[in-house]
Amino acid sequence: MTNATDGFAALADDTRRDIFERLAKRPLSVGELAEKLPVSRPAVSQHLKILKAAGLVVDHAEGTRRVYRVDPRGVEAMRGYLDRFWDRALAAFKEAVEEEKDS
Amino acid sequence: MSGKSVEPVRKHVVVEAPQERAFRVFTENIDRWWPREHHIGKTTMKTAVLEPKENGRWYEVCEDGSQCDWGKVLAWEPPRRVVLAWQLSAQWQYDASLITEVEVTFTPEGPRRTRVDLEHRNLERFGDAAEAVRNSVGGTGGWMQLLELYAKAAQG
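Every value quoted in this text rests on a predicted model; they were computed, and no experiment measured them.

J.: Teacher, can you tell me more about the overall build of chain A here?
T.: Secondary structure summary: chain A contains five helices and three strands in total. In chain A, the order of α-helices and β-strands from amino to carboxyl end is α-α-β-α-α-β-β-α. Counting every position in chain A, which comprises 103 residues, the buried fraction comes to 49%. Taking the contacts inside chain A whose residues are at least 6 apart along the sequence as the reference set, 52% of them involve residues at least 24 apart. By element, 47% of the accessible surface of chain A is carried by carbon and sulfur atoms, the whole surface being about 5,100 Å².

Structural data, given as structure tokens:
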């Protein structure tokens, strides 16, 4: 599987961020998530697929259920955060360096 | 997986300023532009400090006067290049054993124009460090802190 979707883009969606935050608190199955959210079970599965492709969550089978949890290594999440962070930082740097007058 | 490499974060920006000024503002004057929302102390960040020398400290001073390390200067080559060690974990804690590198180069594109390239690499080490933390304390509490940052950034 490729990590074509970066973690940050995956979390730009409100429902996905909601799912991710619930999974950060404790592992949940697709069914448990669907019960708590105002979206259908297939929609939950689709969101989980995107979070998984982005490297934010991992899953494993428990009997007939598939249980998801946040990837505890968090590398892709951290990368996504840093990617956005450096955009903001360099934009602020450009402003600071250009407002300084020639001496 | 441990040992799996992660693509570095690469950015560049072109600034209307001579190379030496661009270098100085990035390093010695880091406090003038460092995003305020990024800090690790318990109280509000007052000042960001980068000591302008090899092995110099890189840290923040909070309103209450306490200092929190972020990392250090690995290479100091004014006005062309600086390499910083970013030693904050995914749990947003200073970790002396974690070193991710931020390399910044300043290339003149004219007397008053400079291209600044930034590469933040060794990101896979966040994973190894997180694994170590998890194995030793068995928790993923740091996630909530990261989530808060995420939510803020996504909304901004």
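Next comes the rest of the write-up.
J.: How should the sheet that holds strand β5 (residues 81–86) of chain B be read in this particular structure?
T.: Strand-to-strand pairing in sheets goes through backbone hydrogen bonds, with the strands running parallel or antiparallel. Residue and element names in this part refer to chain B. Here seven strands make up an open sheet; going across it, the order is β1-β7-β6-β5-β4-β3-β2 and the pairing antiparallel. The two strands at the open ends of the sheet, each matched to only one other strand, are β1 (9–15) and β2 (45–50). The mean inter-strand angle of the sheet, taken between neighbouring strand axes irrespective of direction, is 20°. Judged from the six bridges that link them, β5 and strand β6 (residues 100–110) form a sheet pairing that is antiparallel. Among the inter-strand pairings, L84 is bridged to a residue of β6, identified as V102.

J.: What should I look at first to understand the packing of aromatic side chains in this one?
T.: Two descriptors summarise a pair of aromatic rings, namely the distance from one centre to the other and the angle between the planes of the rings. By the definition in use, this model includes 16 aromatic pairs over all chains. Ring centres 5.9 Å apart and planes at 80° place the aromatic pair W86 of chain A and W34 of chain B in the edge-to-face group. With W86 of chain A in helix α5 (residues 75–99) and W34 of chain B in the loop between α1 (19–27) and β2, this residue pair bridges two chains. Note on accessibility: W86 of chain A and W34 of chain B belong to one class, buried. Connected via pairs of aromatic rings, a cluster forms that spans F85, W86 and F93 of chain A together with F23, F26, W33, W34, W58, W70, W76, W86 and F106 of chain B.

J.: I tried to follow the environment of F26 of chain B on my own but got confused; where do I start?
T.: Considering the arrangement of structural elements, one finds F26 of chain B in helix α1. By relative accessible area, F26 of chain B is classed as buried at 1%. Along the backbone, F26 of chain B and L50 of chain B are 24 residues apart, and their C-alpha atoms lie at a distance of 9.4 Å. Not counting residues up to four positions away in its chain, the partners in contact with F26 of chain B are L90 and F93 of chain A together with W33, L50, V104, F106 and L118 of chain B.

J.: Got a minute to help me understand the pairing of strand β4 (residues 67–77) of chain B in this structure?
T.: Looking along a regular strand, one sees the side chains alternate between the two faces of the sheet. Residue and element names in this part refer to chain B. As paired elements, strand β3 (residues 57–62) and β4 share five bridges and run antiparallel to each other. What sits directly across from W58, in β4, is G71. Pairing geometry for β4 and β5, over six bridges, is antiparallel. Considered in β5, the bridge of E77 is made with R81. Between β4 and β5, which pair antiparallel in sequence order, lie three residues.

J.: Just to check I follow, could you spell out the sheet that holds strand β1 (residues 28–29) of chain A for this structure?
T.: Residue and element names in this part refer to chain A. One open sheet holds the three strands; their spatial order is β1-β3-β2, and the pairing between them is antiparallel. If you trace the sheet from one side to the other, it starts and ends with β1 and β2 (57–62), each paired once. Pairing geometry for β1 and strand β3 (residues 65–70), over two bridges, is antiparallel. Bridge pairing in β3 places L28 opposite Y68.

J.: Explain α1 of chain B here, please?
T.: An α-helical turn contains 3.6 residues, so any two residues separated by three or four positions project in the same direction. Counted residue by residue, α1 of chain B has seven buried out of nine residues, so it is predominantly covered. Of the residues making up α1 of chain B, those classed as buried are Q19, R21, A22, F23, V25, F26 and T27 of chain B.

J.: Which parts of the structure should I look at to understand the side chain of T114 of chain B?
T.: Residue and element names in this part refer to chain B. Mapped onto the secondary structure, T114 falls in strand β7 (residues 113–121). Within the structure, T114 has its side chain in polar contact with the backbone oxygen of A17 (distance 2.6 Å). Setting aside anything within four residues of it in sequence, one finds T114 in contact with V13, V14, V15, A17, P18, Q19, A22, F106, T107, P108 and E109.

J.: Honestly, the nonpolar core in this entry has me stumped. Any pointers?
T.: L82, W86 and F93 of chain A together with W33, W34, W86 and F106 of chain B are the most contacted members of the largest nonpolar core, which has 42 residues in total. Contributing elements (two or more residues each) for this core: α5 of chain A together with β1, α1, β2, β4, β5, β6 and β7 of chain B. Each residue touching L82 of chain A, except ones within four places of it in the same chain, is listed here: V9, W86, H120, L123 and F126 of chain B. Counting 18 residues, the second largest nonpolar core, distinct from the first, contains L28, V30, L56 and Y68 of chain A.

The rules behind each value
Residues numbered from 1 in each chain as written. Chains lettered and ligands numbered in written order. Predicted model: local features only at pLDDT ≥ 70, side-chain atom pairs only at ≥ 80, totals over all residues. Heavy atoms only, no water. Helix = DSSP H or I, 4+ residues; strand = E, 2+ residues; numbered from the N terminus. Buried < 20%, exposed > 50% of the residue type's maximum accessible area, 1.4 Å probe, protein only. Contact = heavy atoms within 4.5 Å. Areas by Shrake-Rupley, 256 points an atom, 1.4 Å probe, with all protein chains shown as cover. Pairing = 2+ DSSP bridges. Axes fitted to C-alpha atoms, helices over the stretch in contact; angles between N-to-C directions. Phe/Tyr/Trp six-rings, centres within 6.5 Å; stacked < 30°, edge-to-face > 60°. Polar contact = N/O pair within 3.5 Å; in protein donor to acceptor, adjacent residues only side chain to side chain. Core = buried A, V, L, I, M, F, W, Y, C linked by side-chain atoms within 4.5 Å.

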